[in-house]
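Listed below are the residues making up each chain.
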Amino acid sequence: MHLRCAYCTLTMAESYFQQDTQLSSLCAICVQRGQDPKAFFNGDVYYLAQAQQRPYLA
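Residues numbered from 1 in each chain as written. Predicted model: local features only at pLDDT ≥ 70, side-chain atom pairs only at ≥ 80, totals over all residues. Heavy atoms only, no water.

Visitor: Would you take a moment to explain the nonpolar core for this structure?
Guide: Across soluble globular proteins, nonpolar side chains show a tendency to be buried alongside one another. Counting residues in each nonpolar core, the largest one holds 11 residues, listed as Leu 3, Cys 5, Met 12, Phe 17, Leu 23, Leu 26, Cys 27, Cys 30, Val 45, Leu 48 and Ala 49. If you tally residues by element for this core, the top one is helix H2 (residues 43-51), at three residues. Not counting residues up to four positions away in its chain, the partners in contact with Val 45 are Leu 3, Phe 17, Leu 23, Ser 24 and Tyr 56. (Core = buried A, V, L, I, M, F, W, Y, C linked by side-chain atoms within 4.5 Å. Buried < 20%, exposed > 50% of the residue type's maximum accessible area, 1.4 Å probe, protein only. Helix = DSSP H or I, 4+ residues; strand = E, 2+ residues; numbered from the N terminus. Contact = heavy atoms within 4.5 Å.)

Here you go:
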């Protein structure tokens, strides 16, 4: 599944949004650049995390 990053708006595979067992609102590239996932809400990732019963990091 492809998701859109809340900061850079790039569409990437779900694996770019995984941090350990959690799903992040930002892609791995934005997190690596120092952006804080807690400052952004990503509805698509949030609902996916709920459907998969996984924690959402935002």
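Moving on from the coordinates now.
Visitor: Would you mind showing me how to read H2 here?
Guide: Turn by turn, an α-helix covers 3.6 residues, leaving residues three or four places apart pointing in a common direction. The complete set of buried residues in H2 reads Gly 43, Val 45, Leu 48 and Ala 49. Packed against the buried residues of H2 are strand E1 (2-4), strand E4 (22-24) and strand E5 (56-57). A positive phi of about 55° marks Gln 53, the residue just after H2.

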